[in-house]
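# Geometric and topological summary
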Amino acid sequence: MKVYVQYPVVVNLQIEQKGIMSFPAVTICNMIRMKKMHARCLENISKCPDPFSVEGSDKSIQGNSRQPPLIPSERRDINMKNENESKAQLKFLEKYYKLSPYNRNSAGYLRDEVIARCSFNFKSCEFRHSLNMRYGNCYTFNPLNSIFQEVLMATSSGSINGLEMTLNVNSDQYLPISHTLGMRIAIHDPYDEPNPEDKGITIAPGYETHISLKQTEIRRLPAPFKDKCIFYGGENEPLVKSRRICVQACIQEYNLARCGCTNPSFWTRSSYHHCDATNSTEVNCLDTSMEDLAINGTNCHCPPPCLLKHYNEQITRAIWPSKAYFLGTILGEIDEKSFKTYRKSHTRVRIFFSTLQRSLYEQKAMF
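Quick caveat: nothing in here was measured; it's all calculated off a predicted structure.

## Digging into the sheet that holds strand E9 (residues 163-168)
Pairing within the open sheet is mixed, and its six strands lie in the order E5-E4-E9-E16-E12-E15. Each edge of the sheet is formed by a strand with only one pairing partner; in this case those strands are strand E5 (123-124) and strand E15 (314-319). In this structure, strand E12 (residues 207-213) lies alongside strand E16 (residues 346-353), joined through six bridges in parallel fashion. Bridging across to E16, His210 finds its partner in Arg350. Sheet strands touched by helix H9 (residues 336-345): E9, E15 and E16. Its angle to E16, the strand with the most contacts, is close to 45°.

Spelled out as structure tokens, the structure:
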């Protein structure tokens, strides 16, 4: 009887061979959020390009839209750099945070500037735009929302049967504060919001990168069973779309109570006041708050999700393009300088299932 009232579960493991399998969403971001040619926008907002006149910009962005959170906080990264680098980056962030979503969009890399070519199962690709505080404009292939209502399916495994993209880093438009050159790619469930900061893969130009996938799915039972899982993004908490955002929202409550403001790079409610990244008192308060939470823990109620998918990415890469391929296919004429310039800014990515076999871990009630 004692065991019965504890609502015990057993975990079943099934290895399923599927004929077709839903393909994940893939989010692509450039490693720098703003182009050098638009840096003057930071000094004078009237110098920002008009987002409604820029081809490829997202005209549906709302002025009060919430941005995806930043993990880990850039403030901690900045503190590890030398004094001059820290000051330059803090100055940039202070001004960048003040830009409207419209201006961040138009000053960043637009879709056609980033994605030179794309095909999935030999058909052209469609993308959803989103703004990310660390990487600026990001573009998601195969999302599931009110616009994209059907998930694309993989009908076979292997590198020629998945997603193929040629991406343009546009390295000549990187700002002086940029330390890393390349793209950031996040592979995630089409239902989920992307998390390129924490779950992304860095893609370097001059290479062809193969990312092979093998799907694992975990299904948990909600309360009263042990894990007390919940469906994030449901009717009760439509804005809290993941466990990660739930934890960040909880931490922001601690920050607000202690510092009177919240971390500008974490998810927060629109009515909360953001701390000033250049105000040492507020920054030190946020650091102290995080240190206390790390030591003493929190009472945040953020149980695991009831459904979770992993793709178990395996990554390989090779130099791309070869000179013979470039001169004979891309350019059509011999030009050594153009070859080096192209390799410096372009990369090819293939994402595919290595097998259509799925591992399913599913909780079942013991009684």
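## Re the pattern of salt bridges
Throughout the structure, instances matching the rule amount to 18 salt bridges. A salt bridge links Lys98 to Glu94, with the shortest nitrogen-to-oxygen separation between them at 3.8 Å. Placement of both Lys98 and Glu94 in helix H2 (residues 83-98) is noted, with a separation of four residues, approximately one turn of the helix. According to the relative accessible area criterion, Lys98 is exposed, its value standing at 66%. We note a salt bridge from Glu217 to Arg358, for which the minimum N-O separation is 3.0 Å. Pair noted here: Glu217 is in strand E13 (residues 216-219) and Arg358 is in strand E17 (residues 357-365), with a separation of 141 residues, a long-range link. For Glu217, a relative accessible area of 4% translates into the label buried. Arg358 gets classed as buried once you look at its relative accessible area, which sits at 11%.

## Observations regarding the layout of surface pockets
Counted as a void, the largest pocket has a volume near 1,200 Å³. Taken together, 37 residues form the lining of the largest pocket, with Asp189, Asp192, Glu193, Ser242 and Leu308 sitting closest to its centre. Looking at the lining of the largest pocket, the elements that each hand over two or more residues are strand E10 (183-188), helix H5 (196-199), helix H6 (243-259) and strand E14 (307-310). Its residues assigned to classes, the lining of the largest pocket shows 18 nonpolar, seven polar and 12 charged.

## Thoughts on the state of the cysteines
On inspection of all chains with the given rule, the structure shows eight disulfides. Paired through a disulfide, Cys229 and Cys306 show a sulfur-sulfur distance of 2.1 Å. One disulfide, between Cys229 and Cys306, carries an S-S torsion of 95° and so falls in the right-handed class. One end of the pair, Cys229, is in the loop between E13 and H6; the other, Cys306, is in the loop between helix H7 (280-296) and E14, with 77 residues separating them in the sequence. Of the two residues examined, Cys229 and Cys306, each falls in the buried class. There is a disulfide in this structure between Cys261 and Cys275, and the S-S distance comes to 1.9 Å. Across the disulfide from Cys261 to Cys275, rotation about the S-S bond amounts to roughly 90°, and the bridge is consequently right-handed. You can see Cys261 sitting in the loop between H6 and H7 and its partner Cys275 sitting in the loop between H6 and H7, a full 14 residues away along the chain. Accessibility expressed as a relative area gives 6% for Cys275, which makes it buried.

## Examining the environment of Tyr311
One can find Tyr311 in the loop between E14 and E15. Here Tyr311 falls in the buried class, since its relative accessible area comes to 4%. Taking the C-alpha atoms as reference points, Tyr311 and Ile187, 124 residues apart in sequence, are found 7.7 Å from one another. For Tyr311, the residues in contact, after removing those within four places along its chain, are Pro24, Ile187, His188, Asp189, Pro190, Leu213, Lys214, Gln215 and Phe353.

## Topic: the pairing of E15
Taking burial as the measure, the six residues of E15 include zero buried ones, a minor fraction of the element. Pairing of E12 with E15 involves six bridges; the strand directions are antiparallel. Pairing of Tyr207 across the sheet is with Ile319, part of E15.

## Topic: the sheet that holds strand E11 (residues 201-203)
Taken in spatial order, the five strands of this open sheet run E6-E7-E3-E10-E11, and their pairing is antiparallel. Two strands close off the open sheet at either side, each with one partner strand: strand E6 (127-132) and E11. Going from strand to strand, the sheet's axes swing by 30° on average, the running direction of each strand aside. Bridge count for strand E3 (residues 25-30) against E10 is six bridges, and the pairing is antiparallel.

## What about the packing of aromatic side chains?
Scanning the model with the defined rule gives 11 aromatic pairs in all. Seen in terms of ring centroids, Phe23 and Phe141 are 6.4 Å apart; in terms of plane orientation they differ by 75°. Their pairing is edge-to-face. Here Phe23 is found in the loop between strand E2 (21-22) and E3, whereas its partner Phe141 is found in strand E7 (residues 136-141), with 118 residues between them in sequence. Of the two residues, Phe23 and Phe141, both sit in the buried class. Here Phe120 and Phe141 contribute two aromatic rings whose centre-to-centre distance is 5.5 Å and whose plane-to-plane angle is 50°, an arrangement assigned as tilted. Taken together, the residues Phe120 in strand E4 (residues 115-120) and Phe141 in strand E7 connect sequence positions 21 residues apart. Per residue, the accessibility class of Phe120 equals that of Phe141, and both read buried. One aromatic cluster is present, formed by Phe23, Phe120, Phe127, Phe141 and Phe353 through successive ring pairs. Looking at Arg104, its charged tip hangs above the ring of Tyr96, at a distance of 5.6 Å from the centre.

The rules behind these values
- Residues numbered from 1 in each chain as written.
- Predicted model: local features only at pLDDT ≥ 70, side-chain atom pairs only at ≥ 80, totals over all residues.
- Heavy atoms only, no water.
- Pairing = 2+ DSSP bridges.
- Helix = DSSP H or I, 4+ residues; strand = E, 2+ residues; numbered from the N terminus.
- Contact = heavy atoms within 4.5 Å.
- Axes fitted to C-alpha atoms, helices over the stretch in contact; angles between N-to-C directions.
- Salt bridge = Lys/Arg side-chain N within 4 Å of Asp/Glu carboxyl O.
- Buried < 20%, exposed > 50% of the residue type's maximum accessible area, 1.4 Å probe, protein only.
- 1 Å grid on protein atoms, 1.4 Å probe; cavity = no way out; pocket = protein on both sides within 12 Å on 5 of 7 lines; lining within 4 Å.
- Points joined across faces, edges and corners; volume = space filled by probe spheres on them.
- Nonpolar A, V, L, I, M, F, W, Y, C, P; charged D, E, K, R; others polar.
- Disulfide = S-S within 2.5 Å.
- Phe/Tyr/Trp six-rings, centres within 6.5 Å; stacked < 30°, edge-to-face > 60°.
- Lys NZ or Arg CZ within 6 Å of the ring centre and 35° of its normal.

Read these as geometric descriptors, not functional statements.
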